[in-house]
Amino acid sequence: MKQAAQALGAVLRNGDLRRAETAFALFVAAELGSWVAILVYAYRQGGATEAGIVAAVQLVPAGILAPAFGAAADRFGGATTLVGGYALQCLTMAGTGAALVAGIPSSPIYVLAASAAASVTITRPAQAVVTPALARSPTELGAVNVLSGWIRATMAMAAPALVGVVLTLGGPGIAFLCAAGAMGAAAALAATLPRAPRSKSE
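These figures come from a predicted structure and were not determined experimentally.

Peer 1: Requested: an account of the pattern of salt bridges, with residues and values cited.
Peer 2: Counted by the stated rule, this structure contains three salt bridges. A salt bridge links D16 to R19; its shortest N-O distance comes to 2.5 Å. A residue pair is termed a helical-turn pair when its members lie 3 or 4 positions apart in one helix, as D16 and R19 do in helix 2 (residues 15-76) at three residues. For R19, a relative accessible area of 27% gives the class partly exposed.

Peer 1: Account for the packing of helix 5 (residues 123-134) against helix 6 (residues 138-169), naming residues and giving values.
Peer 2: Packing of helix 5 against helix 6 brings their axes to within 9 Å, and their N-to-C directions diverge by 145 degrees. The element helix 5 and its partner helix 6 pack so that their crossing is right-handed. Contact residues: R124, T131, P132 and L134 in helix 5; E140, L141, V144 and R152 in helix 6. Grouping the amino acids of the contact of helix 5 with helix 6 by side-chain chemistry returns four nonpolar, one polar and three charged.

Peer 1: Describe the environment of L193, listing the residues and the values that go with them.
Peer 2: Locating L193 in the fold gives a position in the segment after helix 7 (172-190). L193 sits in the buried class, given a relative accessible area of 3%. Along the chain, L193 and G15 lie 178 residues apart, while their C-alpha atoms are 9.2 Å from each other. Once residues within four sequence positions are removed from consideration, L193 is found in contact with D16, R19, A20, A79, L82, V130 and L134.

Cut-offs and rules
- Residues numbered from 1 in each chain as written.
- Predicted model: local features only at pLDDT ≥ 70, side-chain atom pairs only at ≥ 80, totals over all residues.
- Heavy atoms only, no water.
- Salt bridge = Lys/Arg side-chain N within 4 Å of Asp/Glu carboxyl O.
- Helix = DSSP H or I, 4+ residues; strand = E, 2+ residues; numbered from the N terminus.
- Buried < 20%, exposed > 50% of the residue type's maximum accessible area, 1.4 Å probe, protein only.
- Axes fitted to C-alpha atoms, helices over the stretch in contact; angles between N-to-C directions.
- Left-handed = near helix turned anticlockwise from the far one by under 90°.
- Contact = heavy atoms within 4.5 Å.
- Nonpolar A, V, L, I, M, F, W, Y, C, P; charged D, E, K, R; others polar.

Coordinates in, geometry out; function isn't part of it.
This is the structure we're talking about:
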């Protein structure tokens, strides 16, 4: 237990890793929160059938684009890809939220939400490139991997609860706008990370 605490302390003392993991926590919260929000909206529109169709629509483009986004992290560098990914997620989530608040028909909203779902596939491969480059020792690298797991597990419980409160108070559109705000903050944090050279294979 003491060794684990010391390793975690080493990560928190590394400013670059601390900012990267804070941005990652915001990302996971926004990813899960927006997913819940669009499914709640779809259920309200057409019940379980429409919610199931929307879930599939969300997953298909994300699955198709994931390999290309993974290659981008190698090509342009993890930090640069993180900033671009977080910024794109901010824009697509903000667009979805604005459309929901404006009350436009559901079909364009589902397209916007699918674009947001596809954009989140940028983050994990970029994060996998960034964290080893920011770690100053094997101890830090091992500890940051554990911390990332803790963040995912914690947000899996906390994000749906938080979005439930937002949905009750403001609806799916406000939930998406909150997610967009989180991604804007994540992009700002990622912009402070050191850049690695581009891959020589490009």
